[in-house]
Amino acid sequence: MAKQILNTTKLNNSYLVVLSVFMLCFSCKDEAKVEVETPQKPNIVFIMSDDHAYQAISAYGHGLNNTPNIDRIGKEGAIFNKGFVNNSICAPSRAAMLTGKHSFKNGKVDNIRPFNWDQDNFAKALQKNGYETALVGKIHLDGLPQGFDYSNVLPGQGQYYSPDFIENGVKKTYPGYITHVTTDIALDWLDTKRKKDKPFLLMYHQKAPHRTWMPEEKYLTLMDSVTFNPPANFFDDYEDRPAAATQEMSIYKDMDLVYDLKMLDKEGELKTKYRGMFQKRYDRMTDEQKVAWDAYYDPIIADFKSRNLEGKDLAIWKYNRYMHDYLRTIQSVDDGVGQVLDYLKENGLEENTIVVYTSDQGFYLGEHGWFDKRFMYEESFRTPILMKYPKEIKAGTVIDELVQNIDFAPTFLDFAGVDIDKNIQGESLRKLVNGEASEWRDAIYYTFYEYPSEHKVKRHYGVRTDRYKLIHFYYDIDKWELYDLEKDPTEMHNAYNDVEYTSVREDMHKQLEKMRIKYGDSDALNEENLERYLSVKNIKH
Ligand code: SGN
Ligand code: CA
């Protein structure tokens, strides 16, 4: 055994535990041999992508695309049907995952406010408890990440082609396509950079499929012959939902033909608002990449210009253009997940590694006529979660309980045998996934603060139970919405003033108050956050 261990170049944790037991017994000499069981700490690979709608993961059964590698995580472990975020926007969601706390507790309430890296986060706790830790890809939290032995992250949103990264505080540009560069950096850390005698945490976070959905060369034509039918509520009239009516995330009205839909005509005739911004992204490509890009898009541009589409026809054309590019960027993400899963398998790390796949929030793929996120409506409030850990999670586990992104931190700490700080607001999912939970929460709480801002989604907070959802939109509006998700899963009917929902409405108000007390939120905190936001944005009250 020892010989075999010493000959193994790729030492993994299980070998090291055996080795330490062996050496311990060796040093016992004549003393009675004691069976020593060193509990092995699991490795953690936390995979996150940016804006990945659960509708665009084949394991969730929406039939839009094929993601065999992401699906594999759920097949070999658990899939969560009711995973939600605390705040459906990038940086606040990431801050909640790291700290295990709601936005109003960790201070990162919107994408604008700075993140305080000095506070506790689960990576710091794991690091203190013997873990080797790395953060690779998009984090969107300004400042040097704390809690990581290695970090190689995107500045802000990052770029699809020739991306910049900040490696342990030093900026450099990588050739190639962002999703592959991120995967290569992650694999390189796993293979050559980490200390192999320690359990590890790898946060492997993709930019894709974030706007402005630029596919890699290999997938430019993927699903080209497929025509997507928009969701049934694509032409929503937003009746009795004024906040939904005033957003600026409509595929028809707000999606930029050039920036979002790549109609960068060489003649320069399509002069859209964000043309210049897209030109800069296009210019990051090499000549070879531009040739492949143009070969695909130029004929589509010519066809588009010849058709003079309007109204519903234009809306459906835009929806299809959007879906094609969005889904193509996901294919590269799925390939990367496959490479990482294969690496774990080939290097004997599969059994002792927890792998999680999630997104920083959900995304609209035409529901209510939208792209983007922010709202507490299902498509953006919900997020995909798949988790595998062969030692404790049975293959094919399906979780229907309400779970939230604040649960990741306590879950990882629990699996790692590290104390969970009493100020963490999430719950460990360990008992839920290994089938030992006897009770679970019956409601989750949500907040959103980034307004007035891009996409114009108004400030709101709310509560969701298994069946109902109550939302309060405030600031320059005062509107309550109530949904019966069993009868109205696509949230088209605001039942707040329906007589038959009077008692449900009262119960949901009680639930909301319970949540606000439990987590420590209040109107006074909202007011404070609003004042700070308006002064940073220089907006007069
Ligand atoms: C950018 C996007 C928005 C998006 C936000 C937040 N515009 O500002 O469409 O809602 O990010 O996204 S873009 O023109 O820069 O693409 S988040 O995921 O980072 O929160
Ligand atoms: Ca995001």
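Look a little higher up for the structure.
For clarity, every value in this text was computed on a predicted model and none was experimentally measured.

Some remarks on the coordination of the calcium ion (ligand 2)
Reference geometry at the metal: tetrahedral coordination by four donors gives ideal angles of 109.5 degrees; octahedral coordination by six donors gives 90 or 180 degrees.
And step 1. Around the calcium ion (ligand 2), the protein supplies D50 (OD), D51 (OD), D360 (OD), D360 (OD) and Q361 (OE1) as donor atoms, at distances of 2.1 to 2.8 Å.
And step 2. Angles of 51 to 172° at the metal separate the six donor atoms of the calcium ion (ligand 2), which places the site in the irregular class.
And step 3. Here the donor residues for the calcium ion (ligand 2) map to a single chain with the spacing D-D-x308-D-Q. Note that D51 is positioned in the loop between β1 (43–49) and α3 (68–76) and D360 in the loop between β9 (353–359) and α13 (378–381), a separation of 309 residues in sequence.
And step 4. We classify D360 as buried; its relative accessible area is 0%.

Describing the sheet that holds strand β4 (residues 132–137)
And step 1. With mixed pairing, 10 strands are arranged side by side in an open sheet as β7-β6-β5-β4-β8-β1-β9-β10-β2-β11. The sheet terminates laterally at β7 (170–173) and β11 (397–399), the two strands that pair on one side only. This sheet shows a mean twist of 15° between the axes of neighbouring strands, independent of strand direction.
And step 2. Here three bridges tie strand β2 (residues 78–80) to strand β10 (residues 385–388), and the two strands are oriented antiparallel to one another. Bridging across to β10, A78 finds its partner in M387.
And step 3. Running over the sheet, helix α12 (residues 311–346) touches β1, β8 (200–205) and β9 and is turned about 175° from β9.

Re the layout of surface pockets
And step 1. In this structure, the largest pocket spans a volume of roughly 720 Å³.
And step 2. Lining the largest pocket we find 38 residues, and of these R211, Y259, M277, E454 and H455 sit closest to its centre.
And step 3. At the level of secondary structure, the elements contributing two or more residues to the lining of the largest pocket comprise α9 (251–254) and α10 (275–282).
And step 4. Looking at which element gives the most residues to the lining of the largest pocket, the answer is α9, with three residues.
And step 5. Of the residues belonging to the lining of the largest pocket, the class tally is 12 nonpolar, nine polar and 17 charged.
And step 6. Taken as a whole, the second largest pocket holds about 270 Å³ of empty space.
And step 7. What lines the second largest pocket is a set of 15 residues, among which Q55, H62, P231, E367 and E379 lie closest to the centre.
And step 8. The class makeup of the residues in the lining of the second largest pocket is eight nonpolar, five polar and two charged.

What to know about unusual backbone geometry
And step 1. The linkage connecting A208 with the following residue, P209, adopts the cis geometry, with an omega of -5°.
And step 2. Its place among the elements puts P209 in the loop between β8 and α8 (242–245).
And step 3. Each neighbour pair has its own omega, and for R211 with T212 the value is 15°, a cis peptide bond.
And step 4. Structurally, T212 can be placed in the loop between β8 and α8.
And step 5. Positive phi values are uncommon outside glycine, yet N168 reaches one of about 45°.
And step 6. Mapped onto the fold, N168 is located in the loop between β6 (164–167) and β7.
And step 7. One non-glycine residue, K456, lies in positive phi territory at about 50°.
And step 8. Its place among the elements puts K456 in the loop between β13 (443–448) and β14 (460–465).

Calculation notes
Residues numbered from 1 in each chain as written. Chains lettered and ligands numbered in written order. Predicted model: local features only at pLDDT ≥ 70, side-chain atom pairs only at ≥ 80, totals over all residues. Heavy atoms only, no water. Donors = N, O, S within 2.8 Å, 3.2 Å for Na, K, Ca; no water. Tetrahedral: all angles 85-135°; square planar, octahedral: opposite > 155°, others 65-115°. Helix = DSSP H or I, 4+ residues; strand = E, 2+ residues; numbered from the N terminus. Buried < 20%, exposed > 50% of the residue type's maximum accessible area, 1.4 Å probe, protein only. Pairing = 2+ DSSP bridges. Axes fitted to C-alpha atoms, helices over the stretch in contact; angles between N-to-C directions. Contact = heavy atoms within 4.5 Å. 1 Å grid on protein atoms, 1.4 Å probe; cavity = no way out; pocket = protein on both sides within 12 Å on 5 of 7 lines; lining within 4 Å. Points joined across faces, edges and corners; volume = space filled by probe spheres on them. Nonpolar A, V, L, I, M, F, W, Y, C, P; charged D, E, K, R; others polar.

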